[in-house]
Amino acid sequence: MTDIIAGVEIPETSAVAEATEFLRERTNPLIFHHSRRVFLLGSLHARKLDLRPDPELLYISAMFHDTGLLIPFSDTQQRFEVDGADHARKFLLDRGFSERAAEVVWMAIALHTTPEIPGRMGPEIAATHYGVLTDAIGWGMDRLEGDQLDEIVAAHPRGDFKKEFLQAFLDGLKDRPDTTYGTINADILEHFVPGFRRASMVERINDAPWPR
């Protein structure tokens, strides 16, 4: 039976089914439900804006976008967004997807917390970003129908989302604080970690090994 939530059809492909199981087994209900909401909300925004993302690639992007918070891809100190993007890229290439498809999903995930830029890029990248913004900070809720939002939350409950999501960010970033340089992720550590001080571009320029 086709799974349809708020008028959005969940793609019926083997990769979608495997991505869903990947999230169920390796993350937690908070991230799983958030990721599904991101797909649904991003799809609705895409419809409103006459974007035409590939539903399968948008789904993979949404489902993997926060995996780097819970299951870092490697021991390399890198941004959690890049960890998630690397997870998704390997997932797709291992299943025979093209390099182009893998690159689209990689970009959608790697840029999902970056202000302004994703909306100027391809439909999968923009829709992922819009879905994240809506679920995380309520951006664009007024553009969507109330019954659609109710149906999405009924299918994928938010619970105590604000508190638990911030805690998930803290847990995923506190052991790699340097990766938050120049990103909104530094906001989390600055708020919750006593003594954390974000690096400054002014300091980096002044400390560069040039005489002037």
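The sections below set out a description of the structure shown in this document. Within every chain, residues take consecutive numbers counted from 1 along the sequence as written. Only residues with pLDDT of at least 70 get local features here, since the model is predicted, and only at 80 or more are side-chain atom pairs given and counted; chain-wide, interface and lining totals rely on the full set of residues. Heavy atoms throughout the structure, all of them, feed into the side-chain values; hydrogens and water do not.

## Structural notes on unusual backbone geometry
Despite not being glycine, Ala 6 shows a phi value in the positive range, around 55°. The numbering of helices and of strands both runs from the N terminus, where a helix is a DSSP run of H or I of at least 4 residues and a strand a run of E of at least 2. Residue position: Ala 6 is located in the loop between β1 (4-5) and β2 (8-9). Classification of Ala 6 by relative accessible area gives buried; the value is 6%. The phi angle at Glu 116 is positive, at roughly 70°, despite the residue not being glycine. By secondary structure assignment, the location of Glu 116 is in the loop between α6 (99-110) and α7 (123-137). With a 1.4 Å probe rolled over the protein chains alone, any residue whose accessible area is under 20% of its type maximum counts as buried; one over 50% counts as exposed, and the rest are partly exposed. The class for Glu 116 is exposed, based on a relative accessible area of 70%.

## Some thoughts on helix α9 (residues 161-173)
Helix length check: α9, at 13 residues, gives a terminal C-alpha distance of 18 Å against a target of 18 Å (1.5 Å per residue), a fit within 8%. Phe 161, Phe 165, Ala 168, Phe 169, Leu 170, Gly 172 and Leu 173 are the residues of α9 that are buried. Throughout, a residue-residue contact means that at least one pair of heavy atoms, one from each residue, lies within 4.5 Å. In the core, the buried residues of α9 are packed alongside α2 (29-48), α4 (67-70), α5 (80-94), α7 and α10 (185-192). In this scheme, a helix's expected span is set at 1.5 Å multiplied by one less than its residue total.

## Thoughts on α6
Spanning 12 residues, α6 covers 16 Å between terminal C-alpha atoms, matching the ideal 16 Å at 1.5 Å per step. Within α6, burial applies to Ala 101, Ala 102, Val 104, Val 105, Ala 108, Ile 109 and Ala 110. The inward-facing, buried residues of α6 abut α3 (55-64), α5 and α7.

## Some details on the packing of aromatic side chains
Only rings of Phe, Tyr and Trp enter the pairing, Trp through its six-membered ring, and a pair is recorded when the two centres are within 6.5 Å. The plane angle decides the type: under 30 degrees is stacked, over 60 is edge-to-face, the rest tilted. Tallied over the full model, the rule gives eight aromatic pairs. On the numbers, 4.9 Å between centres and 35° between planes, the contact of Phe 22 with Phe 64 is tilted. Note that Phe 22 is positioned in helix α1 (residues 14-26) and Phe 64 in helix α3, a separation of 42 residues in sequence. We classify Phe 64 as buried; its relative accessible area is 0%. Relative to Tyr 59, the ring of Phe 39 has its centre 5.1 Å away and its plane inclined at 75°; by these criteria the two rings are edge-to-face.

## Digging into the pattern of salt bridges
Salt bridges are identified by distance alone: a Lys or Arg side-chain nitrogen within 4 Å of an Asp or Glu carboxyl oxygen. Summed over all chains, the structure comprises 17 salt bridges. Residues joined in a network through salt bridges with shared partners are Arg 37, Asp 135 and Arg 158.

## Remarks on the side chain of Arg 37
Relative to the assigned elements, Arg 37 resides in helix α2. Those residues in contact with Arg 37, other than ones at most four positions away along the chain, are Gly 42, Asp 135, Ile 152, His 156, Pro 157, Arg 158 and Phe 161.

## Regarding the packing of α1 against α3
Axes are the key here: two packed helices are described by the angle between their axes and the distance separating the axes. Look at α1 against α3: their axes get within 10 Å of each other, and the N-to-C directions meet at 10°. Viewed along their axes, α1 and α3 adopt a mutual orientation that is roughly parallel. Packed against α1, whose contacting residues are Ala 15, Val 16, Ala 19, Thr 20, Phe 22 and Leu 23, the element α3 presents Glu 56, Tyr 59, Ile 60, Met 63 and Phe 64 at the interface. In terms of residue class, the contact of α1 with α3 is made up of nine nonpolar, one polar and one charged. Interaxial angle, 0 to 180 degrees, is taken between N-to-C directions of lines fitted to C-alpha atoms, where a helix line uses only the stretch in contact. Roughly parallel means an angle under 35 degrees; roughly antiparallel, over 145; roughly perpendicular, 65 to 115; everything else is oblique. Each residue is assigned to one class: nonpolar for Ala, Val, Leu, Ile, Met, Phe, Trp, Tyr, Cys and Pro, charged for Asp, Glu, Lys and Arg, and polar for all the others, Gly among them.

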